[in-house]
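Each chain, written out:
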Amino acid sequence: MNKTLQALVKLQDVDTSIQEIQRKIYVFPETMKQLDKLLAENEQKVEALKTSIEEQEKLRRVKEREVEMQNEHIRRYQGQLLQVKTNKEYSALLLEIKTLKSKNSLIEDDILELMESIERAKHSLGISQKDLERNRVRIQQEKEIQEKSLTEIQNTLEKEQQRRKILAEDVDAGALREYTKLLNLRNGVAISAVEEDGVCTGCHVALTPQMFAEIKTGNYLHRCPICFRFLYWANSENQQEDM
Ligand SMILES: [Zn+2]
């Protein structure tokens, strides 16, 4: 294979690897942020349940005091029943007692509903707290794994960049300039393989039979007429080893 073409194929290989590593490094902060967010959501859920339970218990106490107060009134009225002189007064007191009792009955229904709701919330809280503890451990482990892998990735990046530097030194200066330009313009891919169908894999344009035949020989430094990427015969990678 043409020496420059061969060097460009190798360069693209290392550049693709560098791009992949850089992508991983780029998403790292977002990955960590997502993990923190997941934990924060869990904590918020637990806090919300705790607050809801507290509020409902407060309301329950208020309603219980209300019932107690009305019971006190009822007892007082019942005491007065023994002292009234007229039937009219007697009936009025009875009505008062009856009204208070039915009010209490409604409040007691509310209290029962509140107690059931508190029980349900406590049950959910128990589940959420277990989830939180489990997730806290899991997320911590996941963050440690991510941090360790970032260190490894950064080490690999340094090695790959070193490898690229050495490879680039071997490439003809003009071709390297063109290659670098294309790398920036064409989404990080400056050289396209041509497969059996005679199509540029970069932009899928069909090449002329003449061009295809020449590319197959590996002796030409052809560029795609549409995307301008350098072109090489996909199956020549095996031949590369022999050269
Ligand atoms: Zn193309």
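For the structure, see preceding data.
Sequence order as written defines the numbering, with residues in each chain counted from 1. With pLDDT at 70 or above as the cut-off, local features in this predicted model cover only qualifying residues; side-chain atom pairs require 80 or more to be listed or tallied, and sums for whole chains, interfaces and linings still use all residues. Side-chain measures were taken over the full set of non-hydrogen atoms in the model, leaving aside hydrogen atoms and water.

Draft legend 1. Just the coordination of the zinc ion, in detail. Water is not among the atoms examined, so metal sites may look incomplete; donors are the N, O and S atoms within 2.8 Å of the metal, or within 3.2 Å for Na, K and Ca. Around the zinc ion, the protein contributes the donor atoms Cys-200 (SG), Cys-203 (SG), Cys-224 (SG) and Cys-227 (SG), at 2.3 Å from the metal centre. Each donor residue of the zinc ion lies on the same chain, and together they follow the pattern C-x2-C-x20-C-x2-C. Residues Cys-224 and Cys-227 agree in their burial class; the two are buried. Per-residue accessibility, obtained with a 1.4 Å probe over protein chains only, is compared with the maximum for each type, and a residue is labelled buried under 20%, exposed over 50%, and partly exposed between these values.

Draft legend 2. Quick peek at unusual backbone geometry. Here the phi dihedral of Asn-187 falls at roughly 55°; this positive angle occurs in a residue that is not glycine. In this fold, Asn-187 is placed in the loop between helix H3 (173–185) and strand S1 (191–194). Overall, Asn-187 belongs to the exposed group, its relative accessible area being 73%. Within the chain, Phe-228 stands out as a residue other than glycine whose phi angle is a positive 65°. A relative accessible area of 44% means that Phe-228 is categorised as partly exposed. Runs of E in the DSSP output that reach at least two residues are strands. Runs of H or I that reach at least four are helices, and both are numbered from the N terminus.

Draft legend 3. Main features of the nonpolar core. Among the nonpolar cores identified, the biggest contains 25 residues, and Leu-11, Val-171, Tyr-179, Ile-191 and Tyr-232 are the most heavily contacted of them. Among the elements of the structure, helix H1 (3–81), helix H2 (87–169), H3, S1 and strand S2 (230–233) are those that each provide at least two residues to this core. Tallying contributions element by element places H1 first for this core, with 8 residues. Of the domains in this structure, domain 1 (19–169) and domain 2 (173–242) are the two that each give at least three residues to this core. Think of a nonpolar core as a cluster: buried Ala, Val, Leu, Ile, Met, Phe, Trp, Tyr and Cys residues, connected wherever their side-chain atoms sit within 4.5 Å. Throughout, the edges of the domains are those of an automatic or database domain assignment.

Draft legend 4. Region of the structure containing helix H4 (residues 209–217). Within H4 the residues assigned to the buried category are Met-211, Phe-212, Glu-214 and Ile-215. The arc that holds every buried residue of H4, seen down its axis, measures 165°, which confines them to one face. Summarising the geometry of H4, the exposed residues directed more than 90 degrees from the buried face are Pro-209 and Gln-210. Contact criterion: two residues are considered in contact whenever any of their non-hydrogen atoms come within 4.5 Å of each other. Buried residues belonging to H4 abut S1 and S2. Looking at the residues trailing H4, positive phi occurs at Gly-218, about 80°. Each direction from the helix axis to a C-beta atom contributes to the arc, which is the arc of those directions.

By themselves, these are just geometric observations and shouldn't be taken as functional.
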